[in-house]
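# Coordinate analysis (summary)
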Amino acid sequence: MKSLLNKISNRPPGHGLPPACYTSAKFLRLEKRLLFLKEWHCLGRVDEIPEVGDYFTIDLASEPLLVVRKTESEVTVLSNVCRHRGMPVASGAGNTGKFRCPYHAWTYELSGKLRKAPLVPKERIEKDCGLPRLNSHCWKGFIFVSLDAEADWSEGQESQTLVPLERHLANYHMQDMHHAASFVETWQCNWKSLVENFMDGYHLSVVHPESLHHLTPTSLCKKVTGSAAFTTYTANYTRTAPVREKHHPSLTAEQVKQSHLFCVFPSLIASVSADTLVYLALHPLSASEVSVKWGVATFESDLSEAEISARVNKWKQINNEDHQILQRLQAGLRSKFSVTGPLAADNFEGALLDFHRFLLQKLGVETTSNV
Ligand code: FES
Ligand SMILES: [Fe+2]
């Protein structure tokens, strides 16, 4: 591990991370401790659960979580682990008035408060036998959670350092976009490879020759300044790209012809355009496997099933192309001949440098290179 950290520190300026960062179980353990048990991570969109009692379950860093709309105005994130003997209380998604543990029928309110523990003598029930509530925050319609009991979004750097991104994307009104579909998949690659892939305009024309090159070729990508909490780049459209007719009136003519790809560090990657928001929330399962919750939201609230399917299918194709290439990348990264190479100019791979800077700062790695 020490030699890997030395390799990171001493790599040449403008180079990627050493391949072992993407394959080492030890490195992942460090990331889990310092990033996934500490930082803020996206679990989905608030309007996936629009009605009181709507809920979904999701795992983050091996923690089973339960996301529930407790009241019309409040979404809450609970530990999905029964306080009796540890059974996950809920599974999948749905709507309910209470959560009943499938093992011995302990029952909890939507707030997590214990309502009933059949046949358990009252004196044995401690005061706080409810499901623990985690720190959560809604940002632009995204539900964020932190497993760190001390975390406070309003006092942390997120509230400050995301401001430039909020300004940059304000006209798209992401918070008002309408949830259309979401999926949970397992991708066979390191979670950082997926962040880097999403934030790299370099691969667009090569990996997506049919699905994206004619719309957002690599040559038109433009890096935008990031911060300690995010990175972003703009994928500009070709002159022949179809015009997006329906969008928020505040968008400029230029913004209608752009997609903005951004990463809220460390694990939310997203693309917003005039009429569509696509996000991928990443939760690593191992060094070479990542759980991907991805979803699509639309500007329009009245799309037909067929129109939604068309938009979702387009992204299924793009994601599939990315998954295929990242799966093959993972095999290459395991090779003893794999090395850290120089990155392309900032407009095409500069966002990776922002991501690496964040990562290494959080992991406490001192670096002599200019990342
Ligand atoms: S583990 Fe939940 S009621 Fe027993
Ligand atoms: Fe891609």
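Up top is the structure these notes are about.
All of the points below concern the structure found in this document. Just so we're clear, the structure is a prediction, and the values are computed from it rather than from any experiment.

## Notes on the packing of helix H5 (residues 191-198) against helix H8 (residues 305-333)
Each packed pair of helices is defined by two parameters, the angle between the axes and the distance between the axes. Here H5 crosses H8 at 130°, and the two axes come no closer than 10 Å. As far as their axial angle goes, H8 and H5 are oblique. Where H5 crosses over H8, the two elements pack in a sense that is right-handed. Along its contact with H5, which presents Ser 193, Leu 194, Asn 197 and Phe 198, the element H8 presents Trp 315, Asp 322, Ile 325, Leu 326, Leu 329, Gln 330 and Leu 333. Taken together, the residues of the contact of H5 with H8 break down into seven nonpolar, three polar and one charged.

## Considerations on the coordination of the iron ion (ligand 2)
Only His 203 (NE2), His 208 (NE2), Asp 322 (OD) and Asp 322 (OD) from the protein coordinate the iron ion (ligand 2), and they sit 2.1 to 2.4 Å from it. One can describe the donor arrangement at the iron ion (ligand 2) as irregular, given that its four donor atoms subtend angles of 56 to 144° at the metal.

## Comments concerning the sheet that holds strand S5 (residues 93-95)
The sheet built from four strands is open, its strands ordered S4-S3-S2-S5 with antiparallel pairing. Of all the strands in the sheet, the pair left with one neighbour each is strand S4 (74-79) and S5. Within the sheet, the average angular offset between the axes of one strand and its neighbour, ignoring direction, is 25°. The sheet contact formed by strand S2 (residues 54-60) and strand S3 (residues 63-71) spans six bridges and is antiparallel. Counted as the bridge partner of Ile 58 is Leu 65 from S3.

## Describing unusual backbone geometry
Omega for the peptide link from Phe 265 to Pro 266 comes to -5°, which places this bond in the cis form. Assignment of secondary structure puts Pro 266 in the loop between strand S14 (258-264) and strand S15 (268-272). The phi torsion at Ala 105 lies on the positive side, around 70°, for a residue other than glycine. With a phi angle near 50°, His 173 is a residue other than glycine that sits in the positive phi range. On the secondary structure map, His 173 appears in the loop between helix H4 (163-169) and strand S11 (178-187).

## Let's talk about the packing of aromatic side chains
Evaluated as defined, the whole model comprises 11 aromatic pairs. By way of ring pairs, the aromatic residues Trp 40, Trp 139, Phe 142, Phe 144, Trp 153 and Tyr 279 are connected into one cluster. Above the ring of Phe 142, the side-chain terminus of Arg 45 is found at 4.6 Å from the ring centroid. Here the basic side chain of Lys 293 rests over the ring of Phe 56, its NZ or CZ set 3.7 Å away from the ring centre.

## Details of the pattern of salt bridges
Taken as a whole and assessed by the stated rule, the structure comprises 10 salt bridges. For Lys 223, the salt bridge identified is with Asp 354, shortest N-O distance 2.8 Å. Of this pair, Lys 223 sits in strand S12 (residues 221-224) while Asp 354 is found in helix H9 (residues 346-363), placing the two residues 131 residues apart along the sequence. The two residues Lys 223 and Asp 354 agree in class, both being buried. Bridged by salt links that share partners, the residues Arg 244, Asp 275, Glu 300 and Arg 311 form one connected network.

## Quick word on H5
An α-helical turn contains 3.6 residues, so a residue and the one three or four places further along point in the same direction. H5 sits mainly inside the fold: eight of its eight residues count as buried. Within the span of H5, buried status applies to Trp 191, Lys 192, Ser 193, Leu 194, Val 195, Glu 196, Asn 197 and Phe 198. The backbone nitrogen of Lys 192 lies 2.8 Å from a side-chain oxygen of the residue at the head of H5, namely Asn 190.

## Observations regarding the sheet that holds strand S9 (residues 135-139)
If you trace the three strands from one edge of the open sheet to the other, you get S1-S10-S9, paired in antiparallel fashion. Both outer strands of the open sheet, strand S1 (40-45) and S9, are each paired with one neighbouring strand and no more. The sheet shows a mean angle of 30° between the axes of neighbouring strands, taken without regard to direction. Inspection of the sheet shows S9 paired to strand S10 (residues 142-146) by five bridges, in the antiparallel sense.

## Comments concerning the nonpolar core
Proteins that are soluble and globular tend to have nonpolar side chains buried together. If you look at the biggest cluster of nonpolar residues, it comprises 62 residues, and the most contacted ones within it are Leu 65, Val 67, Trp 191, Leu 194, Met 199, Ile 269 and Leu 280. Both domain 1 (2-39 + 154-363) and domain 2 (42-146) contribute no fewer than three residues apiece to this core. Every residue in contact with Leu 194, bar those within four places of it in the chain, is listed here: Trp 187, Cys 189, Ile 269, Leu 280, Leu 282, Val 290, Val 292 and Leu 326.

Analysis parameters
Every chain begins its residue count from 1, and numbering advances along the sequence as written. The naming scheme follows written order: chains are lettered A onward, ligands numbered 1 onward. Local features in this predicted model are restricted to residues whose pLDDT is 70 or higher, and side-chain atom pairs enter the listing and the counts only when it is 80 or higher, whereas totals over whole chains, interfaces and linings include all residues. Computation of side-chain values covers all heavy atoms of the structure but excludes hydrogens and water. Note on geometry: axes are C-alpha line fits, over the in-contact stretch for helices, and angles between N-to-C directions span 0 to 180 degrees. Secondary structure elements are defined from DSSP: runs of H or I of at least 4 residues count as helices, runs of E of at least 2 residues count as strands, and each element is numbered from the N terminus. To sort the angles, those under 35 degrees are grouped as roughly parallel, those over 145 as roughly antiparallel, those from 65 to 115 as roughly perpendicular, and the leftovers as oblique. For any pair of crossing helices, the crossing counts as left-handed if the nearer helix is rotated counterclockwise from the farther one by less than a right angle, and right-handed if it is rotated clockwise. Whether two residues are in contact is decided by their heavy atoms, any of which lying within 4.5 Å being enough. Ten residues, namely Ala, Val, Leu, Ile, Met, Phe, Trp, Tyr, Cys and Pro, are considered nonpolar, four, namely Asp, Glu, Lys and Arg, are considered charged, and the remaining ones, Gly among them, are considered polar. Coordination shells were defined by N, O and S atoms within 2.8 Å of each metal, extended to 3.2 Å for Na, K and Ca; water is absent from the atom set, which can make sites look incomplete. Note on geometry labels: four donors, all angles 85 to 135 degrees, give tetrahedral; four donors become square planar and six octahedral when opposite donors are over 155 degrees apart and every other angle is between 65 and 115; remaining cases are irregular. Criterion used throughout: strands pair if DSSP finds at least two bridges between them. In this scheme Phe, Tyr and Trp rings, the latter by its six-membered ring, pair at centre separations within 6.5 Å, and the angle between planes marks the pair as stacked below 30 degrees, edge-to-face above 60, and tilted otherwise. Geometrically, a lysine NZ or arginine CZ counts as sitting over a ring once it is within 6 Å of the ring centre and also within 35 degrees of the ring normal. A side-chain nitrogen of Lys or Arg and a carboxyl oxygen of Asp or Glu constitute a salt bridge if their distance falls within 4 Å. Buried, partly exposed and exposed residues are distinguished by accessible area as a fraction of the type maximum, computed with a 1.4 Å probe on protein chains only: under 20%, between the cut-offs, and over 50%, respectively. Throughout this description, a polar contact denotes any pair of N or O atoms lying within 3.5 Å of each other; where both atoms belong to protein, one of them has to be capable of donating a hydrogen while the other can accept it, and for residues adjacent in sequence the pair is counted only when both atoms sit in side chains. We call a set of buried residues a nonpolar core when its members are Ala, Val, Leu, Ile, Met, Phe, Trp, Tyr or Cys and they connect through side-chain atoms within 4.5 Å of each other. These domain boundaries are the output of an automatic or database domain assignment.

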